[in-house]
Amino acid sequence: MRIVTSELEQIAVKPSQYPPGDLAEIAFAGRSNVGKSSLLNLLTGRKKLAHVSGNPGKTRTINFYRINDAFRIVDLPGYGYAKVSKSLSESWGEMMETYLEGRENLLTVVQLVDIRHAPSAQDAAMHEYLRHYGLSGIIAATKADKVSRNQLPKQMKMIRQTLKLSPEEQIYPVSALKKTGHGALLDAIGALLEE
Ligand code: GDP
């Protein structure tokens, strides 16, 4: 799949601010600083669609991007700096929970993890949560340029084990720096959208 057009359609903190549920949505989640904004920019081929920053204290909103006038990419607020309770029940969690559990046109959540490190307890909790709601299946391992060709399969295996992935769940290594891996990730998303 190729992304031809992308535009920020809506910024929301509550359902009354969501765009209409007319288009399928693919959400992206990961801890702050994992490289989510950089990946969204790479996927859409736009340098500044999502705001890349070293500042973890960014405003926490749900950003809806309209893609090819056919579906939406939804940028969920990063976790890791705010306390995340097991039930995701803090205010950040409430906003996430409301979207993830209530959005009927949400197809799946692409979960981002940093390829260099074992997924954190929060990454694992998020994955369990997504699996519980039938929203898991695609993992993007970011900053793939930071590991050698030799290390890559080891890191992928470690991520698979730590998140207890099932064989059907796929990990896609991506690098926004080297601009690699986004084609395969987009194809996986395209396949889901066609189902
Ligand atoms: P976000 O907080 O998840 O949206 O992450 P950002 O996209 O803002 O990136 C956080 C930091 O990681 C920034 O300093 C980026 O330059 C860096 N970064 C993002 N993607 C990559 C990548 O593919 N490779 C490397 N080496 N650094 C990256």
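The structure under discussion appears in the preceding block.
Definitions and cut-offs
Residues numbered from 1 in each chain as written. Predicted model: local features only at pLDDT ≥ 70, side-chain atom pairs only at ≥ 80, totals over all residues. Heavy atoms only, no water. Salt bridge = Lys/Arg side-chain N within 4 Å of Asp/Glu carboxyl O. Helix = DSSP H or I, 4+ residues; strand = E, 2+ residues; numbered from the N terminus. Contact = heavy atoms within 4.5 Å. Polar contact = N/O pair within 3.5 Å; in protein donor to acceptor, adjacent residues only side chain to side chain. Core = buried A, V, L, I, M, F, W, Y, C linked by side-chain atoms within 4.5 Å. Buried < 20%, exposed > 50% of the residue type's maximum accessible area, 1.4 Å probe, protein only. Near = heavy atom within 4 Å. Areas by Shrake-Rupley, 256 points an atom, 1.4 Å probe, with all protein chains shown as cover. Nonpolar A, V, L, I, M, F, W, Y, C, P; charged D, E, K, R; others polar.

Chemist: Let's hear about the pattern of salt bridges: which residues, and what values?
Modeler: Tallied over the full model, the rule gives 10 salt bridges. Arg 72 is the partner of Glu 9 in a salt bridge, and the nearest nitrogen-oxygen pair spans 2.7 Å. With Glu 9 in strand 1 (residues 6-12) and Arg 72 in strand 4 (residues 71-75), this pair connects stretches of sequence that are 63 residues apart. The shortest N-O distance in the salt bridge between Arg 72 and Asp 22 comes to 2.8 Å. Of this pair, Arg 72 sits in strand 4 while Asp 22 sits in the loop between strand 1 and strand 2 (24-30), and the two are 50 residues apart along the sequence. Overlapping salt bridges bring together Glu 9, Asp 22, Glu 25, Arg 66, Asp 69, Arg 72 and Arg 103 as one network.

Chemist: Can you tell me about the environment of Thr 44, naming the residues and giving the values?
Modeler: Structurally, Thr 44 can be placed in helix 1 (residues 36-44). Along the sequence, Thr 44 and Tyr 65 sit 21 residues apart, while their C-alpha atoms lie 9.9 Å from each other. The contacts of Thr 44, once residues within four sequence positions are left out, are Ile 3, Ser 6, Leu 49 and Ile 67. Looking at Thr 44, its side chain comes within polar contact range of the main-chain oxygen of Asn 41, at 3.3 Å.

Chemist: I'd like a description of the nonpolar core, backed by residues and values.
Modeler: Within the largest apolar cluster, 24 residues are counted, with the highest numbers of intra-cluster contacts made by Phe 28, Leu 39, Leu 43, Ile 73, Val 110, Leu 185 and Ile 189. Among the secondary structure elements, those contributing two or more residues to this core are strand 2, helix 1, strand 3 (62-67), strand 4, strand 5 (106-114), strand 6 (138-142) and helix 5 (182-194). Excluding anything up to four places from it in sequence, Leu 43 contacts Ile 3, Phe 28, His 182, Leu 185 and Leu 186. Counting residues in each nonpolar core, the second largest holds 20 residues, with Phe 64, Val 74, Leu 76 and Leu 106 among its members.

Chemist: Quick one: what's the story with the site of the ligand, residue by residue and with numbers?
Modeler: If you check the shell around the ligand, you find 16 residues, and the closest are Lys 36, Ser 37, Ser 38, Asp 145 and Ala 176. The contact in question runs from a nitrogen atom of the ligand to an N or O atom on the side chain of Asp 145, over 2.7 Å. Compared with its free state, where it exposes 580 Å², the ligand has 80% of that area covered by protein. When its residues are assigned to classes, the shell around the ligand shows four nonpolar, seven polar and five charged.

Geometry only, nothing functional implied.
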